Amino acid sequence: MTDYKYTTECRSCGNKYINDFLDLGAQPLVNALLTKEDLDKQENTYPLTLAVCGMCSLVQIRETVDPSILFKDYVYFSSQSKTMVDSARECVNKVIIEEKLNKDSLAVELASNDGYLLQHYMKRGIPILGIDPAENIAKIANDAGIKTLPEFFTTELADAMVKDGMLADVVHANNVLAHVADTNGFVAGIKKILKPSGLAIIEVPYIGDFIEKAEFDTTYHEHLCYFSFTSIDRLFSRNGLKITKIERLPIHGGSLRVFARKSSYWVDGSVTEIFNEEKAKGLELGHYYFGGFGTGVSFEQRVFNKMTKFWSNVHELAATGIVCAYGAAAKGNTLLNYNCPGRVPSLIRFIADSTPAKQGKYAPGTHIKIVSPEHFRNYNTKHCIILPWNFAAEIATKEADYTRGSGKFWIPDEKLGLKEWK
Ligand code: JHZ
């Protein structure tokens with residue numbers, strides 16, 4: 001493929017010594033769902049390699065796919081998960097009180113998606129602005145009254161906002177920093193659009209959880225960076241933002257919610273706590289990523305072992321009844337395509353997903369059909385693998401009738417391959 005670039009320098013600090021620790025082979029783009037007609041055409045795949053910087057310890061992939069291919073027409077709608085909407089509401093309600101926001105304030109969200117977060121400000125009468133490059137999703141947000149610019153957030157856009165006097169009291173950026181190729185420019189842009197007393201709240205999946213729980217399936221071309229406190233702190237201070245507080249969230253398998261300001265004398269104890277924890281575990285050092293987190297087995301070997309057990313379990317289940325999957329998540333596609341045995345589609349009958357834009361399409365690489373939850377309820381399957389294991393509780397509760405009958409839910413598991421979800 002020609003539409004990707006290979007990075008030899010760290011995306012954050014520019015250091016030339018970055019070391020590969022997981023090679024996921026050639027992978028299709030996880031959200032490039034296929035139509036029936038596409039199935040006869042050759043599918044694009046791209047190498048996918050995870051590396052760690054020896055200087056600032058940022059974990060990153062080497063390959064950068066053209067963002068307009070990845071994000072202009074997007075199939076991920078944040079509102080599909082109640083967990084995400086509830087978490088956003090809780091955060092917004094707290095911020096409104098703590099930052100004393102009112103009708104003269106401005107709340108901005110970068111990668112605002114369908115307005116799952118900004119709607120909560122809007123309902124409380126706080127002026128809002130969303131920015132999201134996915135034209136299809138920005139239109140849905142605008143139609144719902146959530147003002148959204150269908151653009152990438154760049155330093156140029158930040159400059160234009162400043163020129164127009166659009167300075168924010170609060171800037172949210174959830175699950176987007178990892179997606180941006182100009183990592184420093186994005187953070188510098190946030191600083192630009194903040195009022196002097198403004199607060200930036202940034203959520204990123206946490207590399208500590210990723211390594212410790214072997215969450216390798218959250219690696220895909222959309223995720224260029226995988227942050228620890230140490231690496232994000234170095235990135236922020238380089239670009240003039242000071243981290244004042246850290247919250248650990250269970251979302252997406254373990255995330256950091258990072259609070260930062262242009263300047264502050266006050267720093268919460270959570271910052272020192274995570275700094276010390278990462279130091280003790282050696283997160284800023286290369287061996288944490290190569291040494292298999294004290295197991296004596298490399299991370300790459302752990303991933304291989306996990307997936308060997310996973311496929312062996314899928315075979316065992318298929319011998320006792322029909323197997324299907326739930327949640328056509330990006331991570332599910334990385335999981336199924338890793339060392340993908342060609343037989344996968346015949347083992348997993350379909351993937352059910354509540355997102356209308358995904359239904360009727362086919363999963364990249366494996367070509368498993370994506371169907372509606374109604375189809376799942378009406379089709380007699382015995383085993384269902386929840387691919388977005390991060391939402392297993394939400395999905396299993398929603399589909400409780402399945403286990404009241406003879407169905408069983410399963411999630412991927414490092415030790416067992418597949419673990420029953422009860
Ligand atoms: P989900 C996302 O990745 C997207 P994905 C993104 N790339 C990102 O940065 C990471 O998160 C962190 C469906 N579903 O959220 C909806 C149901 O059908 O785990 C989704 O297709 N019923 C921006 O794609 C999928 O499952 C339900 O009840 O790996 C969930 O995908 C629920 C809860 C979800 O993330």
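In this text the structure is predicted, and so the values were computed from the model without any measurement.

Colleague: How should I be thinking about the environment of Lys 382 in this particular structure?
Modeller: Mapping Lys 382 onto the fold places it in the loop between α14 (373-378) and β17 (383-386). For the pair Lys 382 and Leu 317, spaced 65 residues apart in the sequence, the C-alpha separation amounts to 8.5 Å. In contact with Lys 382, not counting residues within four places along its chain, are Thr 320, Gly 321, Ile 322, Tyr 402, Ser 406, Gly 407 and Lys 408.

Colleague: I keep staring at empty space enclosed by the protein and nothing clicks. Help me out?
Modeller: Where empty space is left can be seen by rolling a probe of water-molecule size over the atoms. Taken as a whole and assessed by the stated rule, the structure comprises one cavity of 30 Å³ or more. Taken as a whole, the largest cavity spans an internal volume of roughly 110 Å³. As for the largest cavity, its lining consists of 14 residues, of which Pro 205, Tyr 206, Phe 210, Thr 218 and Tyr 226 are closest to the centre. At the level of elements, β10 (194-205), α7 (207-212) and β11 (225-226) are the ones that each hand at least two residues to the lining of the largest cavity.

Colleague: How do you make sense of the pairing of strand β18 (residues 408-413) when you look at a structure like this?
Modeller: The side chains of a regular strand alternate, first on one face of the sheet and then on the other. The buried fraction of β18 is high, at five of six residues. Bridge count for β18 against strand β19 (residues 417-421) is five bridges, and the pairing is antiparallel. Note that in β19 the partner of Asp 413 across the bridge is Gly 417. Remark: three residues form the turn of the hairpin made by β18 and β19, two consecutive strands paired antiparallel.

Colleague: Which parts of the structure should I look at to understand unusual backbone geometry?
Modeller: Where the residue is not glycine, phi is negative for most of them; where a peptide bond is considered, it is trans in most cases. One non-glycine residue, Asn 175, lies in the positive phi region at around 50 degrees. Residue position: Asn 175 is located in the loop between β9 (168-174) and α6 (183-193).

Colleague: Teacher, can you tell me more about the sheet that holds β9 here?
Modeller: Adjacent strands of a sheet pair through backbone hydrogen bonds, lying either parallel or antiparallel. The strand order across the open sheet built from seven strands is β8-β7-β6-β9-β10-β13-β12, with neighbouring strands paired in mixed fashion. With one partner strand each, in any of the chains shown, β8 (148-149) and β12 (242-249) form the two edges of the open sheet. Where β12 and strand β13 (residues 255-261) come together, seven bridges link them in antiparallel fashion. Opposite Lys 245, over in β13, you have Phe 259 as the bridge partner. Sheet strands touched by helix α9 (residues 269-281): β12 and β13. Its angle to β12, the strand with the most contacts, is close to 70 degrees.

Colleague: Got a minute to help me understand the pattern of salt bridges in this structure?
Modeller: Should the charged atoms of two oppositely charged side chains come close, the side chains can pair. Using the criterion set out here, one finds 27 salt bridges in the structure. With a closest N to O distance of 2.8 Å, Arg 257 and Glu 203 form a salt bridge. Remark: Glu 203 occurs in strand β10 and Arg 257 occurs in strand β13; sequence separation between them is 54 residues. Using a relative accessible area of 7% as the deciding quantity, one classes Arg 257 as buried. In this structure, Lys 213 engages Glu 215 in a salt bridge whose closest nitrogen and oxygen atoms are separated by 3.9 Å. Among the residues examined, Lys 213 registers a relative accessible area of 43% and is labelled partly exposed. Each of Lys 94, Glu 203, Lys 245, Glu 247 and Arg 257 takes part in one network of salt bridges that share partners.

Colleague: Would you mind going over the side chain of Arg 257 with me for this structure?
Modeller: A distance of 3.4 Å separates a polar atom in the side chain of Arg 257 from a polar atom in the side chain of Ser 87. At 2.8 Å, the side chain of Arg 257 and the side chain of Glu 203 are in polar contact. Once residues lying within four places of it in the same chain are set aside, the contact partners of Arg 257 are Ser 87, Cys 91, Ile 201, Ile 202, Glu 203, Lys 245, Ile 246, Glu 247 and Leu 249.

Colleague: Quick question: what am I supposed to make of the domain arrangement of the protein here?
Modeller: Interfaces are often described in size by the accessible area the parts lose on coming together. Annotation of the protein at the domain level lists domain 1 (4-62), domain 2 (78-264) and domain 3 (299-421). On a C-alpha basis, the centres of domain 2 and domain 3 stand 30 Å from each other. Across the boundary between the two partners, domain 2 contributes 18 residues, which contact 19 residues of domain 3. The three residues of domain 2 that bury the most area against domain 3 are Gln 80, Phe 216 and Asp 217, which together make up 42% of that side's buried surface. Of all elements in the fold, only α2 (82-98) and α7 reach the threshold of two or more residues within the side of domain 2 that touches domain 3. Of the residues assigned to the side of domain 2 that touches domain 3, the class counts are six nonpolar, seven polar and five charged.

Thresholds, definitions, all that
Residues numbered from 1 in each chain as written. Predicted model: local features only at pLDDT ≥ 70, side-chain atom pairs only at ≥ 80, totals over all residues. Heavy atoms only, no water. Helix = DSSP H or I, 4+ residues; strand = E, 2+ residues; numbered from the N terminus. Contact = heavy atoms within 4.5 Å. 1 Å grid on protein atoms, 1.4 Å probe; cavity = no way out; pocket = protein on both sides within 12 Å on 5 of 7 lines; lining within 4 Å. Points joined across faces, edges and corners; volume = space filled by probe spheres on them. Buried < 20%, exposed > 50% of the residue type's maximum accessible area, 1.4 Å probe, protein only. Pairing = 2+ DSSP bridges. Axes fitted to C-alpha atoms, helices over the stretch in contact; angles between N-to-C directions. Salt bridge = Lys/Arg side-chain N within 4 Å of Asp/Glu carboxyl O. Polar contact = N/O pair within 3.5 Å; in protein donor to acceptor, adjacent residues only side chain to side chain. Domains from an automatic or database assignment. Buried area = accessible area lost by both parts, 1.4 Å probe. Nonpolar A, V, L, I, M, F, W, Y, C, P; charged D, E, K, R; others polar.

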